Amino acid sequence: MTRWTDAHGNEIDEEDRGLVYDMTTLVNRRVALGLFGGVSVVTLLAACGVAPTTTTTASPSTDSSSDAGELTEVPDETAGPYPGDGSNGINVLDDSGIARSDIRSSFGASTVTAEGVPLTIVLTVRDAATGDALSGGAVYLWHCDRDGNYSLYSDGLEDVNYLRGVQEIGADGSVTFTSIFPGCYAGRWPHIHFEVYADVATAIASGPIVKTSQIALPKEACEAVYATTGYERSVGNLAQVSLASDNVFGDDQGIHQIATMTGSASAGYTAALTIGV
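How each quantity is defined
Residues numbered from 1 in each chain as written. Predicted model: local features only at pLDDT ≥ 70, side-chain atom pairs only at ≥ 80, totals over all residues. Heavy atoms only, no water. Phe/Tyr/Trp six-rings, centres within 6.5 Å; stacked < 30°, edge-to-face > 60°. Disulfide = S-S within 2.5 Å. Pairing = 2+ DSSP bridges. Helix = DSSP H or I, 4+ residues; strand = E, 2+ residues; numbered from the N terminus. Axes fitted to C-alpha atoms, helices over the stretch in contact; angles between N-to-C directions. Buried < 20%, exposed > 50% of the residue type's maximum accessible area, 1.4 Å probe, protein only. Polar contact = N/O pair within 3.5 Å; in protein donor to acceptor, adjacent residues only side chain to side chain. Contact = heavy atoms within 4.5 Å. Nonpolar A, V, L, I, M, F, W, Y, C, P; charged D, E, K, R; others polar.

Asks: Sorry if this is basic, but what is going on with the packing of aromatic side chains here?
Replies: Ring pairs (aromatic) are described by centroid distance and by the angle formed between their planes. Taken as a whole and assessed by the stated rule, the structure comprises 7 aromatic pairs. Members of the aromatic cluster, connected to one another through ring pairs, are Tyr82, Tyr150, Tyr153 and Tyr185.

Asks: Would you explain the state of the cysteines in this entry?
Replies: Between two cysteines, a covalent bond joining their sulfur atoms is known as a disulfide. Counted by the stated rule, this structure contains 0 disulfides. Take Cys144: it sits in no disulfide, and the sulfur closest to it among the cysteines is that of Cys184, at 8.2 Å. Cys222 takes part in no disulfide bond, and the closest cysteine sulfur, belonging to Cys184, lies 7.2 Å away.

Asks: Can you help me understand the sheet that holds strand 4 (residues 138-142) in this one?
Replies: Two strands in a sheet stick together by hydrogen bonds in their backbones, pointing the same way (parallel) or opposite ways (antiparallel). Spatially, the 4 strands line up as an open sheet ordered 5-4-7-8, and their pairing is antiparallel. Of all strands in the sheet, those bounded by a partner on one side alone are strand 5 (164-168) and strand 8 (209-216). Here the strands of the sheet are splayed against their neighbours by 20° on average, with no regard to which way each runs. With 7 bridges connecting them, strand 7 (residues 191-197) and strand 8 associate as antiparallel partners. Paired with His193 across the strands is Gln214, a residue of strand 8.

Asks: What exactly am I supposed to notice about the side chain of Ser213 here?
Replies: With respect to the helices, strands and loops of the structure, Ser213 is situated in strand 8. Using a relative accessible area of 0% as the deciding quantity, one classes Ser213 as buried. There is a polar contact of 3.3 Å between the side chain of Ser213 and the side chain of Gln257. In this structure, Ser213 is in contact with Val74, Pro75, Glu77, Ile192, His193, Phe194 and Gln257, ignoring residues within four places of it in sequence.

Asks: What am I meant to see in the sheet that holds strand 10 (residues 268-276) here?
Replies: Pairing in this open sheet of 4 strands is mixed, and the strands run 6-3-10-9 from one edge to the other. Every interior strand has two partners, whereas the edge strands, strand 6 (174-180) and strand 9 (260-264), have only one. Across the sheet, the mean angle separating the axes of adjacent strands is 15° when strand polarity is ignored. As judged from the 8 bridges shared by strand 3 (residues 118-126) and strand 10, these two strands associate in the parallel manner. Bridge assignment links Thr120 to a residue of strand 10, and that residue is Thr270.

Asks: Could you clarify how one ought to interpret the side chain of His193 in this entry?
Replies: Tracing the backbone shows His193 in strand 7. According to the relative accessible area criterion, His193 is buried, its value standing at 3%. One polar contact links His193 to Tyr150, side chain to side chain, over a distance of 3.4 Å. Excluding its chain neighbours within four sequence positions, the residues that come into contact with His193 are Thr78, Ala79, Gly80, Tyr140, Leu141, Trp142, Tyr150, Ser213 and Gln214.

Asks: Which parts of the structure should I look at to understand the packing of helix 5 (residues 219-226) against helix 6 (residues 232-239)?
Replies: Axis angle and axis distance: for two packed helices, these are the angle between their axes and the distance between the axes, and together they describe the pair. Between helix 5 and helix 6, the least distance of the axes is 9 Å, while the angle of their chain directions is 145°. In this structure, helix 5 uses Cys222, Glu223 and Tyr226 to contact helix 6, whose residues at the interface are Ser234, Val235 and Leu238. Taken together, the residues that form the contact of helix 5 with helix 6 break down as 4 nonpolar, 1 polar and 1 charged.

This is the structure we're talking about:
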């Protein structure tokens, strides 16, 4: 629990906690990320001159019990024209090797590996109503390469299947994929696609999908990565799009879909997001 005190140690009444209290409530609901670009609660509190005394409890992102509470359900989004799930011709889900955590290389007959800045993707999936981890479920994740092209569909990549993979959701509700930072292609904000299934067996059988959505990557990380060698074409494309103008994230600027980023362009990034389904 959190106890709100002033500089003299006196407890502040709830109705007098103002903006700082509101910001903390928003962060706990994983909304503040979209509004403040990852600014921490500590930074906000320091700016307002108020010091809360906090007793640390289990983080909702690792607590698989219903104590995690309700989550805002992540918006349903299009799978786009390159899903590879059988809904647009090609189906990679029934191919041996699709269940994997490292999706940088192709599997099967192809040995092509995608090049780019390292990106670890950590997606935590929970029941939106209860906060319970969706353990035993499955996530199919895919995205474009650093040139903005999609395996299986783009010219020259018809026989390549990198940057696609399926994983079982763990007891803590999370899956982790090892990948590369996707490029920015014309007309779209940098993003990662995913589908949630009841289990791996349902996923590889192209069975019913629980949720189809997308992860938005923060502008600061995109700019840092696109300044590196190999991402040159992404610089101009990013300059011509925004979260507000994007045809997927534009309705709410991706407020529930923007990943939390750690790392750097030189060492690689980790993108983490908790979603409710």
